[in-house]
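# Residue-level structure breakdown
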Amino acid sequence: MPILFTVSSLLATSIFGYFITHAFYNAFFHPLARFKGPRLWGMSRIPFINAMLGGTLPFRVKSLHDEYGSIVRVAPDELSFTDPKAWKDIYSHKSFIRPKIWGSRPPGVEAHNVISAGVADHARFRKAFQGAFSEKATRHYEETVQHYSETLISKLKEHTLKDGGETAVMDLVQWLNFTTFDIIGDSGWGSDFGCLRDTQYHPWIAVVLHFKAVLMAVSVMYYPWLEAFLMSITPASALADLQKTLATTHTKVKDRLAHEPERPDIMSHVLEHNQNFPDSSLSHGEIEANSMAVVVAGSETLTTASAGAVTYLLRDPKVFRTLVEENRTNFSSEDQISAASTATLPYLTAVLNETLRLCPPLPDGLRRQVPKGGAVICGHLIPEGMTVSVPCWATFRSSSNFASPDVFSPQRWLSEDSSQFESDNKAAFQPFSTGPHNCIGQPLAWMEMRVILSKLIWNFDINAPKGTTVADWTTQKIYWTWEKSPLEVELKSAR
Ligand code: HEM
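Note that this is a predicted model, so its numbers are computed, not measured.

Reading the values: rules and limits
Residues numbered from 1 in each chain as written. Predicted model: local features only at pLDDT ≥ 70, side-chain atom pairs only at ≥ 80, totals over all residues. Heavy atoms only, no water. UniProt positions renumbered as here; feature names shortened; annotations may be inferred. Helix = DSSP H or I, 4+ residues; strand = E, 2+ residues; numbered from the N terminus. Core = buried A, V, L, I, M, F, W, Y, C linked by side-chain atoms within 4.5 Å. Buried < 20%, exposed > 50% of the residue type's maximum accessible area, 1.4 Å probe, protein only. Contact = heavy atoms within 4.5 Å. pLDDT = per-residue confidence, 0-100. Donors = N, O, S within 2.8 Å, 3.2 Å for Na, K, Ca; no water. 1 Å grid on protein atoms, 1.4 Å probe; cavity = no way out; pocket = protein on both sides within 12 Å on 5 of 7 lines; lining within 4 Å. Points joined across faces, edges and corners; volume = space filled by probe spheres on them. Nonpolar A, V, L, I, M, F, W, Y, C, P; charged D, E, K, R; others polar.

### Regarding the UniProt feature "transmembrane region" (unreviewed entry) in the chain
Summarizing the sequence annotation, UniProt attributes the feature "transmembrane region" (unreviewed entry) to residues 201–223 in the numbering used throughout. In the segment residues 201–223, helix accounts for 74% and strand for 0%; the C-alpha atoms at its two ends are 35 Å apart.

Spelled out as structure tokens, the structure:
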């Protein structure tokens, strides 16, 4: 017994000693020790993980930038930059890939996707998907976008007219999710999720929206010994939902590959690429892994943007009136609302840009690993292997980059009305990121945001339910993406 006690206390003392020595090294001798930031965040990854699992990391990072300036050490080996120059210094090089921890694959999945791939595979995947997301190809998806937007409107109308009534209070976040997931399911792998039809979430969606679970896995990966231990005691049943999700993905891709769609979809372009470039073709597993990445990336990001726009519009009636006026004077019938016609509306585009600034769908840092040989970022030589990022939330809300940064002001994007915002540094605003790893789905994103919002405000008068005000967007938590609360709105048919 005394021997056992001595061994365990020796072990505990050694572990404790190791952590203390490591923290001391991080604080004073680490290559990033010269950068400003709170002492504890520089000594250990724990404060960062604590904020991340509490759903407040991007908010904390913003307040650290307010306190320490445009470069902050947010973990022993990680720097955050809000200086717009960092966009070019970090993201314009293909050698800056996502840190392994942030691009890991689900257990049991061998194939990589655009998020997890190394330099060569990433370039191969981008080439295969590039054609599918060109402006020209995106025009072929308009019919799909129109179809589901119209279904959304008719379903909402059914509710407003129910029991001979005129209005209905509905959770717009849920309805937008139904729409965006159905659109990308149909255009991504040839079958929707039946959300609008059944007025309910498909189980696949509930699993992929569980970003908090992903962050828990990420946190554990910072401590490989803990990861190994947890994996060894995790029963297979704990991963059952994930396995079902992967099986659904497999079936959907298999079904799509077994039939030719009526009009070209995203997969059509990838298959064409495989035929034309057999040497760089994607395997079945890679098609599956990348399709899943596209469906996840191309759905709830758009729910955030659309729900964010409605939230800010409801909190600013003057801006809302201006937008409705632009919409209803330009369109005398609903079938005039198209990708092309909505793209010519300056106020709509300004509202959406301002929404992406104030509620960026990816508000957290877009993390990258400094490549071999190190790199100069904003004038500082950063050693290889360090993690660096520009955090969208902190950068777009920084008073060094934007005048009145927390105010919803679409006019800052309109050249004839922007004197108040002359000092804005628009180069800081990159909601789709930039460079070889930027958002591949931008043309589709713009089409969906414009068409869905235009159809909503053409068809409905949208108000906060009587006696309520719409909650501030910033009261929501962020688990890499926004954990969106229900957005209850009162809809009244305008026609
Ligand atoms: C308003 C809507 C959207 C926003 C704000 C947005 C933003 C972004 C950002 C910031 C990134 C870079 C992430 C990083 O650096 O780690 C990204 C990547 C990506 N996005 Fe989007 N996105 C949107 C919609 C879409 C849509 C509609 C699709 C496809 C249908 C899509 C597909 C992708 C893919 C596949 C990537 C990974 C690209 C790569 O690593 O090469 N996104 N998006």
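### Some remarks on the nonpolar core
By size, the foremost hydrophobic cluster in this structure holds 115 residues, and its most contacted members are Phe-81, Ile-377, Ile-382 and Ile-462. With 11 residues, helix α22 (residues 442–459) is the largest single contributor of residues to this core. Residues contacting Ile-462, with those up to four places away along its chain left out, are Val-310, Leu-314, Phe-320, Leu-456, Ile-457, Val-489, Glu-490 and Leu-491. Membership of the second largest hydrophobic core comes to 20 residues, among which are Leu-57, Leu-64, Trp-102 and Met-221.

### Some thoughts on the confidence of the model for the chain
The share of residues in the chain with pLDDT of 70 or more is 99%, and the mean pLDDT across the chain is 94. Overall fold confidence for the complex sits at a pTM of 0.94, while the interface term, ipTM, reaches 0.99.

### Digging into the coordination of the iron atom of the ligand
Its sole protein donor being Cys-439 (SG), the iron atom of the ligand sits 2.3 Å from that atom. Summarising the element assignment, Cys-439 is placed in the loop between α21 (392–396) and α22.

### As for empty space enclosed by the protein
For the structure shown, the criterion picks out 2 cavities of 30 Å³ or more. Reported here for the largest cavity is a volume of approximately 40 Å³. Forming the walls of the largest cavity are Pro-58, Val-61, Val-74, Glu-78, Ser-80, Asp-364, Gly-365, Arg-367, Ser-389 and Pro-391. Secondary structure elements with two or more residues in the lining of the largest cavity: α4 (57–68) and β2 (78–81). The class makeup of the residues in the lining of the largest cavity is 4 nonpolar, 3 polar and 3 charged. What the second largest cavity holds in volume is close to 40 Å³. Residue lining of the second largest cavity: Phe-129, Gly-188, Ile-266, Met-267, Ser-291 and Val-294, and that is the complete set.

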